[in-house]
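Single-letter residue listing:
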Protein chains: 2
Amino acid sequence: MNMSDMIGVLSAKGLKVTPQRLAVLGALVALPNHPTADSIKAYVNEQFPSLALGTVYNILDVFFEKGIVTKVKTDRDFVRYDIEVNGHHHLYCDECDYIENYFDEELDNLLQSYFQRKGIPNFNIRDINLQIVGSYINHNPPKNL
Amino acid sequence: MNMSDMIGVLSAKGLKVTPQRLAVLGALVALPNHPTADSIKAYVNEQFPSLALGTVYNILDVFFEKGIVTKVKTDRDFVRYDIEVNGHHHLYCDECDYIENYFDEELDNLLQSYFQRKGIPNFNIRDINLQIVGSYINHNPPKNL
DNA sequence: TGTTAAATAAGAATAATTCCTATTCGCATG
DNA sequence: CATGCGAATAGGAATTATTCTTATTTAACA
């Protein structure tokens, strides 16, 4: 995603294009492991020292409302952000802090047909999210941890 | 679960049987909707005014370590507790705060055989948890909200 | 019943997140 | 290109779930 792509993302959602928003968007693209607000601030501050943490939260909230990012809750006490908004699942590593996106269309179809057949009494399903917990073999997660 | 059952649960795990622990255990059994530490305290305090919030967290942490409760993370900023420890999934209601346990052995078998066949490269699966998001038809969740 | 390690009460401390307000700035309009 | 306005940002204070600390109390066992 280059600069003009990023400008396009913001203006397509009716958002003013500000350097801060571009910087946060850039950080979301650059940082691979579902960064926290804090790590986004740290990353952006290297090039853009004035960005305030409150503004980072502000921007991330706006992005969340506009569907530019999703939030990933962890077992720890903070939220992590994900620029991927297409439906997907998550791999949680037991032994490190890595959270990896997991896409599996076959699985999605399987689940959809299962619940279409079986249903859940008195409940309309809107979305299904799998938390797949385990560990990387050889404890060797994808790069850029 | 009656009083002697609860005493049995505690001593089976090598825990001292204290009135506070029994009260918290009783609250977990009595409160249906994955209570927070705060609502457990409120419930217990009606009969047992001296129980401190810090002690509630303390007890819940001990219970968690001993496998007596599980923790359920929500989209809000707090943890909710569940006395059910057998593997299960969760229904999250979009429109209210209800979180319901969802047991489905057929689904578990389906998922297990799916991943046994397909696997995930470089990853050992230990547990799979579904977050099923949607809404109750007629917005009519189980009693005791 | 006395001993002791563990549990509790009470409140201070912590940390992620939100709120507040003055200032700045993007951008639409003229 | 200049201007005005509503939105965005900076900085710091406030909030809140949770953890930590310490003195006191208590359950369990000899």
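Asks: Sorry if this is basic, but what is going on with the domain arrangement of chain A here?
Replies: For an interface, size is often stated in terms of accessible area lost upon the parts coming together. Residues and elements named next belong to chain A. Taken as a whole, chain A is organised into domain 1 (3-82) and domain 2 (89-139). Computed from C-alpha coordinates alone, the two centres of domain 1 and domain 2 are separated by 25 Å. The contact between domain 1 and domain 2 buries some 630 Å² in all, and 43% of this surface belongs to carbon and sulfur atoms. Remark: the boundary between domain 1 and domain 2 carries zero salt bridges. Along the contact surface separating domain 1 from domain 2 lie four residue pairs in polar contact (both at pLDDT 80 or more).

Asks: Sorry if this is basic, but what is going on with the relation of the copies chain B and chain A here?
Replies: Relating one copy of the chain to the other requires a rotation about an axis plus a shift along that axis. Mapping chain B onto chain A calls for a screw motion: a turn of 180° about the axis and a shift of 0.0 Å along it, with 0.1 Å RMSD after fitting. Such a combination of rotation and displacement between the chain copies is what one expects of a two-fold axis. Identified as the residue of chain B closest to the rotation axis by C-alpha distance is B:Leu130, at 2.3 Å. Both copies present the same face, since 100% of the interface residues in chain B are matched by interface residues at the equivalent positions in chain A.

Asks: Looking at this structure, I do not really get the packing of aromatic side chains. What am I missing?
Replies: The relative placement of two aromatic rings is captured by the distance of their centres and the angle of their planes. A complete count under the given rule lists eight aromatic pairs over all chains for this structure. With a centroid separation of 6.3 Å and 45° between ring planes, the pair formed by A:Tyr102 and B:Phe115 is classed as tilted. Remark: B:Phe115 occurs in helix α5 (residues 105-118) and A:Tyr102 occurs in strand β4 (residues 99-102); the pair is interchain, linking two chains. Ring centres of A:Tyr114 and A:Phe115 lie 5.1 Å apart, and the angle between their planes is 85°; on these two criteria the pair is classed as edge-to-face. Residue classification places A:Phe115 among the buried positions, given a relative accessible area of 7%. Members of the aromatic cluster, connected to one another through ring pairs, are A:Tyr98, A:Tyr136 and B:Phe123. Positioned over the ring face of A:Phe64 is A:Lys71, at 4.7 Å from the centre of the ring.

Asks: Just to check I follow, could you spell out the protein's contact with DNA strand D for this structure?
Replies: Looking at DNA strand D, there are 19 residues lining it, with A:Thr18, A:Arg21, A:Thr55, B:Tyr57 and B:Val79 nearest. In DNA strand D, atoms within 4 Å of the protein come 83% from sugar and phosphate. One of the side-chain nitrogen or oxygen atoms of A:Arg21 is found 2.8 Å away from a phosphate oxygen of DNA strand D. At 3.2 Å, a backbone N or O of A:Ser50 approaches a phosphate oxygen of DNA strand D.

Asks: Would you mind showing me how to read unusual backbone geometry here?
Replies: Among all residues save glycine, negative phi is the norm, and among peptide bonds the norm is trans. Even without being glycine, A:Asn122 reaches a positive phi, approximately 65°. Locating A:Asn122 in the fold gives a position in the loop between α5 (105-118) and β5 (123-136). With phi around 45°, B:His34 is a residue other than glycine that occupies positive phi space. Structurally, the position occupied by B:His34 is in the loop between α2 (19-30) and α3 (37-47). Taking relative accessible area as the criterion, B:His34 reaches 5% and is therefore assigned buried.

Asks: Even after reading the chapter, I still don't get the protein's contact with DNA strand C, so can you show me in this structure?
Replies: Taken together, 19 residues lie near DNA strand C, and A:Tyr57, A:Val79, B:Thr18, B:Arg21 and B:Thr55 sit nearest. Backbone sugar and phosphate groups make up 82% of those atoms of DNA strand C lying within 4 Å of the protein. A:Tyr57 is positioned with one of its side-chain polar atoms (N or O) 2.4 Å from a phosphate oxygen of DNA strand C. One nitrogen or oxygen atom from the side chain of B:Thr55 is found 2.8 Å from a phosphate oxygen belonging to DNA strand C. Elements with a minimum of two residues in the surface near DNA strand C: α4 (53-65) of chain A together with α2 and α4 (53-65) of chain B. In terms of residue class, the surface near DNA strand C is built from nine nonpolar, five polar and five charged.

So, how was this worked out
- Residues numbered from 1 in each chain as written.
- Chains lettered and ligands numbered in written order.
- Predicted model: local features only at pLDDT ≥ 70, side-chain atom pairs only at ≥ 80, totals over all residues.
- Heavy atoms only, no water.
- Domains from an automatic or database assignment.
- Buried area = accessible area lost by both parts, 1.4 Å probe.
- Salt bridge = Lys/Arg side-chain N within 4 Å of Asp/Glu carboxyl O.
- Polar contact = N/O pair within 3.5 Å; in protein donor to acceptor, adjacent residues only side chain to side chain.
- Least-squares fit on C-alpha atoms with pLDDT ≥ 70 in both.
- Contact = heavy atoms within 4.5 Å.
- Phe/Tyr/Trp six-rings, centres within 6.5 Å; stacked < 30°, edge-to-face > 60°.
- Helix = DSSP H or I, 4+ residues; strand = E, 2+ residues; numbered from the N terminus.
- Buried < 20%, exposed > 50% of the residue type's maximum accessible area, 1.4 Å probe, protein only.
- Lys NZ or Arg CZ within 6 Å of the ring centre and 35° of its normal.
- Near = heavy atom within 4 Å.
- Nonpolar A, V, L, I, M, F, W, Y, C, P; charged D, E, K, R; others polar.

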